[in-house]
Amino acid sequence: MQYQSTRGESPLRSFSQVLLMGLAPDGGLMMPTSYPKISTETLTQWRSLSYAQLAFEVMSLFIDDIPSEDLRAMLERTYTEEVFGTADITPVRRLQDGLLVQELSNGPTLAFKDMAMQFLGQVFEYVLARENKTLNILGATSGDTGSAAEYAMRGKQGINVFMLSPEGKMSAFQRAQMFSLADENIHNIAVNGLFDDCQDIIKAVQADAEFKQKYAIGTVNSINWARIVAQVVYYVRGYLAATTSNDEKVSFCVPSGNFGNVCAGHIARQMGLPIERLIVATNENDVLDEFFKTGAYRPRTSDNTFITSSPSMDISKASNFERFVFDLVGQDGEKVRQLWAGVNSGEGFDLADQLAQVHGQYGFASGSSTHQDRLDTMKAVHAAGDGFVDPHTADGIKVARQVRLDGETIICLETALATKFDETVREALGNDVVIPRPEALSGLEDLPQRVTVIDNNAEVVKDIIRQAVTA
Ligand SMILES: Cc1ncc(COP(=O)(O)O)c(C=O)c1O
Ligand SMILES: N[C@@H](CCOP(=O)(O)O)C(=O)O
């Protein structure tokens, strides 16, 4: 399997090269040159597999430069009951109103990011050892990628993590999860700005080819194709859990920000998984909802990005959206370059003439939600005896309820657990409510924290990396 850049001006690469490279040299994102197809016979065979076995079957369609037995062993070590709390790994539960919720947040940091990040920890270590290399990971987080990456990479030989987060914008739990880690290879950097500013910094550092090469800069964000491919697996798993025959179709509703999660759903659908609709749910930062309704893509500046109670989705420039647009324009790198010139100039672009295709051929739909919608949804779910959902999952459930068609099976992806956002959950359910939290994380917020606060400046980040790596 070869990988190409969405901007069409970088050489083709193998999986392991893409794993370590981050952004393509032409500024694009790496994508497979074709999508493997899943036949109905294959899907039937997959019905009896464990999660780790299924992950091997799906991921080996995309990974052909790691011996099968090594990949299989890594996946068996990654997707265990010990790490994810259940043998099922991503159990699907039914709400009173018939919506399905696929639990993706039972991993060590209580968000869906663990699903891919736990694998990344294994595969980075494997490929770096094989190639006798080291890696300095520069990441950006709005709250969940950071902790998932740090938990997966802490203490790993040959890997440093430099994680940028928006100063003061994450929940108390998210801050504590990251900033309380004392491992020497973990460096937390809070930027005076928003997530989009942090992501712009990592793209600027990645664009400095000399620095990137000298300091072996890699990424754990969904810029990294390995994140996306690991996320494709749970769409297949969710489909198999919700159906008994391959003639059935299901839709997925996905709380979205950087578009990485739903991009994996798009890939699964392109592979032939019987997905009816991919429903993109946003919060008040509704750039994506606007695109899927009108065809106009108008990313906003930080000044026009809202700080909301589903903070991990406070994103106005969705990185992975470029991957979908690449497919939409017929994998035409030059066209993507033109469109992103419009994005970089602040104007965005308009693909209204392709909206019918976006909805029809690609099955996208969308909706958005507000703070009050989140509170009402968390309250309604709890009152119905369906337990707790976090504000991001609530955004998804609200939108799924709003757009659901007669007879449609919708799987809402649970992207985090309620305890990560207990302030907002208490606002919805009352101060006396007892929000479940794994015993191992009790008292997390009381631990000492370590973070460096900086201005929004890529050069300062480079200096921090230089000093840490040469120290
Ligand atoms: C809890 C939670 N929900 C939803 C999202 C949005 O996912 P994506 O950025 O893949 O669209 C994120 C961040 O990525 C998140 O942390
Ligand atoms: N919501 C994310 C933002 C980064 O997204 P990624 O999927 O590109 O890593 C977060 O929680 O950090």
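The rules behind these values
- For every chain, the first residue of its written sequence is number 1, and the numbers climb from 1 along that sequence.
- Chain letters start at A and ligand numbers start at 1, both assigned in the order the entries are written.
- The predicted origin of the model limits local features to residues at a pLDDT of at least 70 and limits the giving and counting of side-chain atom pairs to 80 or more, whereas totals for whole chains, interfaces and linings rest on all residues.
- Side-chain numbers here rest on the full set of heavy atoms in the structure, without hydrogens or water.
- One heavy atom suffices: a residue is near a molecule or strand as soon as one of its heavy atoms comes within 4 Å of it.
- The definition of a polar contact used here is a pair of N or O atoms within 3.5 Å, where within protein one atom must be able to donate a hydrogen and the other to accept one, and adjacent residues in sequence count solely through side-chain atom pairs.
- For every accessible area listed, the method is Shrake-Rupley and the probe measures 1.4 Å; residues are considered covered only by the protein chains on display.
- Any residue that is not Ala, Val, Leu, Ile, Met, Phe, Trp, Tyr, Cys, Pro, Asp, Glu, Lys or Arg is counted as polar, Gly included; the first ten are nonpolar and the last four charged.
- Categorising residues by exposure relies on relative accessible area from a 1.4 Å probe, with only protein chains included: less than 20% of the type maximum marks a residue as buried, more than 50% marks it as exposed, and the intermediate range marks it as partly exposed.
- Only DSSP runs of H or I with at least four residues qualify as helices, and only runs of E with at least two residues qualify as strands; both kinds are numbered from the N terminus onward.
- Here a crossover is taken to be right-handed if, once the strands point away from the viewer, the path from the first strand over the helix to the second is traced clockwise.
- At least two DSSP bridges between two strands are required for those strands to pair.

(A) Seen up close, the site of ligand 1. Near ligand 1 there are 15 residues, and of these Lys113, Asp144, Gly257, Asn258 and Asn261 occur at the shortest range. For ligand 1, an oxygen atom lies 2.7 Å from a polar atom in the backbone of asparagine 258. Within the backbone of asparagine 261, a nitrogen or oxygen atom sits 2.8 Å from an oxygen atom of ligand 1. A total of 380 Å² of accessible area belongs to ligand 1 in isolation, and the protein chains cover 97% of it. Of the residues belonging to the shell around ligand 1, the class tally is five nonpolar, eight polar and two charged.

(B) Looking closely at the site of ligand 2. Looking at ligand 2, there are 14 residues lining it, with Thr141, Asp144, Thr145, Ser222 and Asn258 nearest. Separating an oxygen atom of ligand 2 from a side-chain N or O atom of threonine 141 is a distance of 2.6 Å. Contacts to ligand 2 include serine 222, whose side-chain N or O atom sits 2.5 Å from an oxygen atom. Taken by itself ligand 2 offers 340 Å² of open surface, and the protein chains cover 95% of this. Grouping the amino acids of the shell around ligand 2 by side-chain chemistry returns three nonpolar, eight polar and three charged.

(C) Molecular detail of the pairing of strand E6 (residues 159-166). Within E6, seven of the eight residues are buried, which leaves the element mostly enclosed by the surrounding structure. Read as a crossover between parallel neighbours, the route from strand E5 (residues 135-140) over helix H7 (residues 145-153) to E6 is right-handed. Here six bridges tie E6 to strand E7 (residues 186-191), and the two strands are oriented parallel to one another. Paired with phenylalanine 162 across the two strands is histidine 187, which belongs to E7. One crossover worth recording links E6 to the parallel E7 by way of helix H8 (residues 172-179), and it is right-handed.

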